[in-house]
Amino acid sequence: MKLTVYENPELAETEISIHCPCLDAPLKRLIEQIRHYTFSLEVQKDEETWQMPLDRVLYLETVDRSTFVYACQETYTCRRTLSELEESLAHTPFVRISRSCLLNTEHLSCVRPYVNHRLLAVLDNGENLLISRNYISALKKKLKERSLL
């Protein structure tokens, strides 16, 4: 693989072009990482608005019609609905694990069996989330896609 980087201070934004004979699995994974790196969410805390990089988000949850964004040590709010976020994050490591929660699979340490055919997701910060049985197949599919890339 050949990598060429051109620095031009006159450019308004960074542009990445990939020229390849075949879009193979490692290249798809690289493209996904670039997309993940460049995407951010607009979040609010203490009447301030922030742009949070997607890789800092552990999970998103809706409680009482409010959407919360959980990072390692902080919790923020987001004005978008969970359905809107799920749609815009479809090609990222995020997957719905319950009616009210989207999980960033990059922060998933392991999955354990739990009562009533549910699963328990253990995050890399030690936090636990329940995976509803209706969403187990979606999680498996997302994890399989990510391992193949």
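Residues numbered from 1 in each chain as written. Predicted model: local features only at pLDDT ≥ 70, side-chain atom pairs only at ≥ 80, totals over all residues. Heavy atoms only, no water.

## Notes on the overall build of the protein
Thinking step 1. In terms of regular secondary structure, the protein is built from 3 helices and 10 strands.
Thinking step 2. Seen in sequence order, the protein has helices and strands lined up from the N terminus as α-β-β-β-β-β-α-β-β-β-β-β-α.
Thinking step 3. Long-range pairs, those at least 24 residues apart, make up 42% of the contacts in the protein with a sequence separation of at least 6.
Thinking step 4. Approximately 10,600 Å² of the protein is accessible, and the part contributed by carbon and sulfur atoms is 50%.
Thinking step 5. Of note, the protein has its 19 positive side-chain charges centred 11 Å away from the centre of its 21 negative side-chain charges. (Helix = DSSP H or I, 4+ residues; strand = E, 2+ residues; numbered from the N terminus. Contact = heavy atoms within 4.5 Å. Areas by Shrake-Rupley, 256 points an atom, 1.4 Å probe, with all protein chains shown as cover. Lys, Arg positive; Asp, Glu negative; His and termini not counted. Charge placed at Lys NZ, Arg CZ, Asp CG, Glu CD.)

## Focus: the environment of F94
Thinking step 1. One can find F94 in strand β6 (residues 94-98).
Thinking step 2. Considering only alpha carbons, one finds F94 and E32, 62 residues apart in sequence, at a separation of 12 Å.

## Considerations on the pairing of β6
Thinking step 1. By the criterion of burial, β6 is predominantly enclosed, with 5 of the 5 residues buried.
Thinking step 2. Pairing between β6 and strand β7 (residues 101-104): 4 bridges, direction antiparallel. Paired with F94 across the two strands is N104, which belongs to β7.
Thinking step 3. Counting the residues between successive antiparallel strands, the hairpin from β6 to β7 contains 2 residues. (Buried < 20%, exposed > 50% of the residue type's maximum accessible area, 1.4 Å probe, protein only. Pairing = 2+ DSSP bridges.)

## Describing the pattern of salt bridges
Thinking step 1. For the coordinates displayed, the defined rule picks out 3 salt bridges.
Thinking step 2. Notably, a salt bridge pairs R96 with E86, separated by 3.0 Å at the nearest N-O pair. Within this pair, whereas R96 is found in strand β6, its partner E86 is found in helix α2 (residues 82-88), the two being separated by 10 residues in sequence.
Thinking step 3. For R96, a relative accessible area of 10% translates into the label buried.
Thinking step 4. On the accessibility criterion, E86 (32% relative accessible area) is partly exposed. (Salt bridge = Lys/Arg side-chain N within 4 Å of Asp/Glu carboxyl O.)

## Re the sheet that holds strand β9 (residues 118-123)
Thinking step 1. Across the sheet, 3 strands lie side by side as β8-β9-β10; this open sheet has antiparallel pairing. Strands at the two margins of the open sheet, each flanked by one partner only, are β8 (108-114) and β10 (128-131). Neighbour to neighbour, the strand axes of the sheet diverge by 25° on average, direction disregarded.
Thinking step 2. Examined bridge by bridge, β8 and β9 share 6 bridges and lie antiparallel to one another. From the neighbouring strand, L108 faces β9, where its bridge partner is L123. (Axes fitted to C-alpha atoms, helices over the stretch in contact; angles between N-to-C directions.)

## Let's talk about unusual backbone geometry
Thinking step 1. Non-glycine residue D64 carries a positive phi angle of around 50°.
Thinking step 2. On the secondary structure map, D64 appears in the loop between β3 (59-63) and β4 (66-70).
Thinking step 3. Judged by its relative accessible area of 74%, D64 is exposed.

## Let's talk about a nonpolar patch on the surface
Thinking step 1. Residues Y114, V115 and L130 make up a contiguous nonpolar surface patch of roughly 260 Å² in combined accessible area.
Thinking step 2. Locating Y114 in the fold gives a position in strand β8. (Patch = residues over 30% accessible without salt bridge, like charges linked within 9 Å, V, L, I, M, F, W, Y side chains within 5 Å.)

## Observations regarding the packing of aromatic side chains
Each pair of aromatic rings is reported with the distance of its centres and the angle of its planes.
Thinking step 1. Here the structure, examined in full by the defined rule, presents 1 aromatic pair.
Thinking step 2. For the ring pair Y59 and Y70, a centre distance of 4.4 Å and an interplane angle of 15° mean the geometry is stacked. Of the two residues, Y59 sits in strand β3 while Y70 sits in strand β4, which places them 11 residues apart along the sequence.
Thinking step 3. For Y70, a relative accessible area of 16% puts it in the buried group.
Thinking step 4. Lying across the ring of Y76, K45 places its NZ or CZ 5.5 Å from the centre. (Phe/Tyr/Trp six-rings, centres within 6.5 Å; stacked < 30°, edge-to-face > 60°. Lys NZ or Arg CZ within 6 Å of the ring centre and 35° of its normal.)

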